[in-house]
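# Overview (structure and organization)
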Amino acid sequence: MKQQNINPFSSISLKLTADAIEWLSGTTTDNDGNEIRNIDIFTGLLKEMRTAAGYDGTYRRPLNLKPGQAQFSEIGLAERWKLGRKKMHNILSRMVAVGLVEIYNSRIGSVITFSCVTGWETPDKPIDDSEINDR
(Lines give C-alpha, C1' and ligand atoms only; values in the text may rest on other atoms or scores of the structure.)
Protein backbone atom coordinates (compact mmCIF):
# COMPACT_ATOMS: atom_id res chain seq x y z
CA MET A 1 0.00 0.00 0.00
CA LYS A 2 1.35 3.42 -0.98
CA GLN A 3 1.74 5.87 1.91
CA GLN A 4 -0.37 8.99 1.49
CA ASN A 5 1.23 12.41 1.86
CA ILE A 6 -0.42 14.13 4.85
CA ASN A 7 1.33 17.43 4.12
CA PRO A 8 -0.04 20.02 1.69
CA PHE A 9 3.33 19.91 -0.11
CA SER A 10 5.74 17.26 -1.36
CA SER A 11 8.87 19.23 -0.37
CA ILE A 12 9.54 22.51 1.41
CA SER A 13 12.43 24.98 1.70
CA LEU A 14 13.08 26.70 5.02
CA LYS A 15 15.43 29.47 6.10
CA LEU A 16 16.19 28.93 9.78
CA THR A 17 18.12 31.15 12.17
CA ALA A 18 20.49 29.61 14.70
CA ASP A 19 17.95 30.51 17.42
CA ALA A 20 15.20 28.73 15.47
CA ILE A 21 17.30 25.58 15.12
CA GLU A 22 18.10 25.65 18.84
CA TRP A 23 14.41 26.10 19.76
CA LEU A 24 13.27 23.38 17.34
CA SER A 25 15.79 21.02 18.95
CA GLY A 26 14.25 21.54 22.38
CA THR A 27 11.22 20.12 24.14
CA THR A 28 8.12 21.31 25.96
CA THR A 29 6.37 19.52 28.82
CA ASP A 30 2.63 18.92 28.49
CA ASN A 31 0.05 18.96 31.30
CA ASP A 32 0.70 15.27 32.03
CA GLY A 33 4.47 15.75 32.39
CA ASN A 34 5.28 14.22 28.98
CA GLU A 35 7.90 15.84 26.78
CA ILE A 36 6.85 17.07 23.34
CA ARG A 37 9.51 17.91 20.79
CA ASN A 38 9.22 21.54 19.67
CA ILE A 39 9.77 20.47 16.08
CA ASP A 40 6.63 18.30 16.34
CA ILE A 41 4.58 21.32 17.41
CA PHE A 42 6.02 23.38 14.55
CA THR A 43 5.47 20.69 11.90
CA GLY A 44 1.97 20.14 13.25
CA LEU A 45 1.26 23.78 12.43
CA LEU A 46 3.09 23.55 9.11
CA LYS A 47 0.77 20.74 7.98
CA GLU A 48 -2.09 23.26 8.13
CA MET A 49 -0.33 25.72 5.78
CA ARG A 50 -2.22 26.66 2.63
CA THR A 51 -0.39 26.16 -0.64
CA ALA A 52 -2.96 28.17 -2.62
CA ALA A 53 -5.02 31.25 -1.80
CA GLY A 54 -8.55 30.65 -0.58
CA TYR A 55 -10.96 30.54 2.31
CA ASP A 56 -10.28 28.38 5.32
CA GLY A 57 -13.65 27.24 6.61
CA THR A 58 -12.40 25.02 9.44
CA TYR A 59 -13.26 27.64 12.05
CA ARG A 60 -16.43 29.49 12.95
CA ARG A 61 -15.41 32.54 10.93
CA PRO A 62 -13.70 31.60 7.67
CA LEU A 63 -10.76 33.74 6.61
CA ASN A 64 -9.33 34.35 3.17
CA LEU A 65 -5.75 33.09 3.44
CA LYS A 66 -2.73 33.53 1.20
CA PRO A 67 -0.29 30.76 0.32
CA GLY A 68 2.04 30.15 3.27
CA GLN A 69 -0.61 30.97 5.90
CA ALA A 70 -2.87 29.00 8.21
CA GLN A 71 -5.76 29.89 10.48
CA PHE A 72 -5.44 28.70 14.07
CA SER A 73 -6.89 28.87 17.56
CA GLU A 74 -4.63 29.04 20.62
CA ILE A 75 -7.24 27.15 22.63
CA GLY A 76 -7.55 24.48 19.93
CA LEU A 77 -3.77 24.06 19.71
CA ALA A 78 -3.48 23.91 23.50
CA GLU A 79 -6.08 21.13 23.63
CA ARG A 80 -4.45 19.26 20.75
CA TRP A 81 -1.04 19.27 22.45
CA LYS A 82 -2.41 18.89 26.01
CA LEU A 83 -0.98 22.24 27.08
CA GLY A 84 -2.47 25.20 28.88
CA ARG A 85 -3.57 28.14 26.72
CA LYS A 86 -0.95 30.42 28.28
CA LYS A 87 1.81 27.87 27.61
CA MET A 88 0.64 27.55 23.99
CA HIS A 89 0.62 31.35 23.70
CA ASN A 90 4.22 31.43 24.99
CA ILE A 91 5.27 28.73 22.49
CA LEU A 92 3.77 30.72 19.61
CA SER A 93 5.46 33.88 20.89
CA ARG A 94 8.78 32.04 20.98
CA MET A 95 8.26 30.88 17.38
CA VAL A 96 7.79 34.54 16.42
CA ALA A 97 10.89 35.60 18.37
CA VAL A 98 13.15 33.06 16.63
CA GLY A 99 11.82 33.93 13.17
CA LEU A 100 9.77 30.85 12.36
CA VAL A 101 6.38 32.54 12.02
CA GLU A 102 4.48 35.81 12.13
CA ILE A 103 1.10 35.97 13.84
CA TYR A 104 -1.85 38.23 13.19
CA ASN A 105 -4.69 38.21 15.72
CA SER A 106 -8.01 39.92 15.17
CA ARG A 107 -11.55 39.66 16.51
CA ILE A 108 -12.39 37.50 13.49
CA GLY A 109 -9.58 34.96 13.77
CA SER A 110 -5.89 34.29 14.12
CA VAL A 111 -3.55 33.74 11.19
CA ILE A 112 -0.05 32.35 11.23
CA THR A 113 2.34 33.16 8.38
CA PHE A 114 5.30 30.83 8.03
CA SER A 115 7.99 33.47 7.54
CA CYS A 116 10.77 30.86 7.54
CA VAL A 117 9.30 29.14 4.47
CA THR A 118 11.06 30.24 1.29
CA GLY A 119 9.30 27.87 -1.09
CA TRP A 120 7.63 24.53 -1.52
CA GLU A 121 6.69 22.05 -4.14
CA THR A 122 3.28 20.48 -4.58
CA PRO A 123 2.69 17.51 -6.83
CA ASP A 124 1.42 20.07 -9.39
CA LYS A 125 4.16 22.73 -9.37
CA PRO A 126 6.97 24.36 -7.39
CA ILE A 127 6.36 27.60 -5.48
CA ASP A 128 9.29 29.92 -4.70
CA ASP A 129 10.11 33.22 -2.98
CA SER A 130 8.72 35.39 -5.77
CA GLU A 131 5.26 33.87 -5.39
CA ILE A 132 5.10 33.95 -1.58
CA ASN A 133 6.81 37.29 -0.85
CA ASP A 134 3.52 39.20 -1.01
CA ARG A 135 2.12 37.38 2.03
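The notes below deal with the structure included here.

Calculation rules
- Residues numbered from 1 in each chain as written.
- Predicted model: local features only at pLDDT ≥ 70, side-chain atom pairs only at ≥ 80, totals over all residues.
- Heavy atoms only, no water.
- Core = buried A, V, L, I, M, F, W, Y, C linked by side-chain atoms within 4.5 Å.
- Buried < 20%, exposed > 50% of the residue type's maximum accessible area, 1.4 Å probe, protein only.
- Helix = DSSP H or I, 4+ residues; strand = E, 2+ residues; numbered from the N terminus.
- Contact = heavy atoms within 4.5 Å.
- Phe/Tyr/Trp six-rings, centres within 6.5 Å; stacked < 30°, edge-to-face > 60°.
- Salt bridge = Lys/Arg side-chain N within 4 Å of Asp/Glu carboxyl O.
- Lys, Arg positive; Asp, Glu negative; His and termini not counted.
- Polar contact = N/O pair within 3.5 Å; in protein donor to acceptor, adjacent residues only side chain to side chain.

Moving on: the nonpolar core. Formed by 28 residues in total, the largest nonpolar core has its most connected members in Phe42, Met88, Leu92, Met95, Leu100, Ile112 and Phe114. Of all the elements in the fold, those that place two or more residues in this core are helix H1 (18-24), helix H2 (38-46), strand E6 (69-72), helix H3 (74-80), helix H4 (85-97) and strand E9 (117-121). When residues no more than four places from it in sequence are discounted, the contact partners of Met95 are Trp23, Ile41, Phe42, Leu45, Leu100 and Val101.

Turning to the packing of aromatic side chains, a few remarks are in order. Considering all chains together, one arrives at 1 aromatic pair under this definition. Relative to Phe114, the ring of Phe42 has its centre 6.2 Å away and its plane inclined at 70 degrees; by these criteria the two rings are edge-to-face. On the criterion of sequence distance, the pair formed by Phe42 in helix H2 and Phe114 in the loop between strand E8 (110-113) and E9 is long-range, its members being 72 residues apart. For Phe42, a relative accessible area of 2% puts it in the buried group. Judged by its relative accessible area of 0%, Phe114 falls in the buried class.

This part covers the pattern of salt bridges. Evaluated as defined, the whole model comprises 2 salt bridges. For Arg37, the salt bridge goes to Asp40, with nearest N and O atoms at 2.8 Å. For Glu74, the salt bridge goes to Arg85, with nearest N and O atoms at 2.7 Å. Taken together, the residues span a long stretch of sequence, with Glu74 in helix H3 and Arg85 in helix H4 at a distance of 11 residues. Judged by its relative accessible area of 16%, Glu74 falls in the buried class.

On to the side chain of Asp30, then. Inspection of the secondary structure puts Asp30 in the loop between strand E2 (27-29) and strand E3 (35-37). Among buried Asp, Glu, Lys and Arg side chains, Asp30 stands out as unpaired, with Lys82 the closest opposite charge at 5.8 Å. Here Gly33 takes part through its backbone nitrogen, which lies 3.0 Å from a polar atom of the side chain of Asp30.

This is a description of form; function is not addressed.
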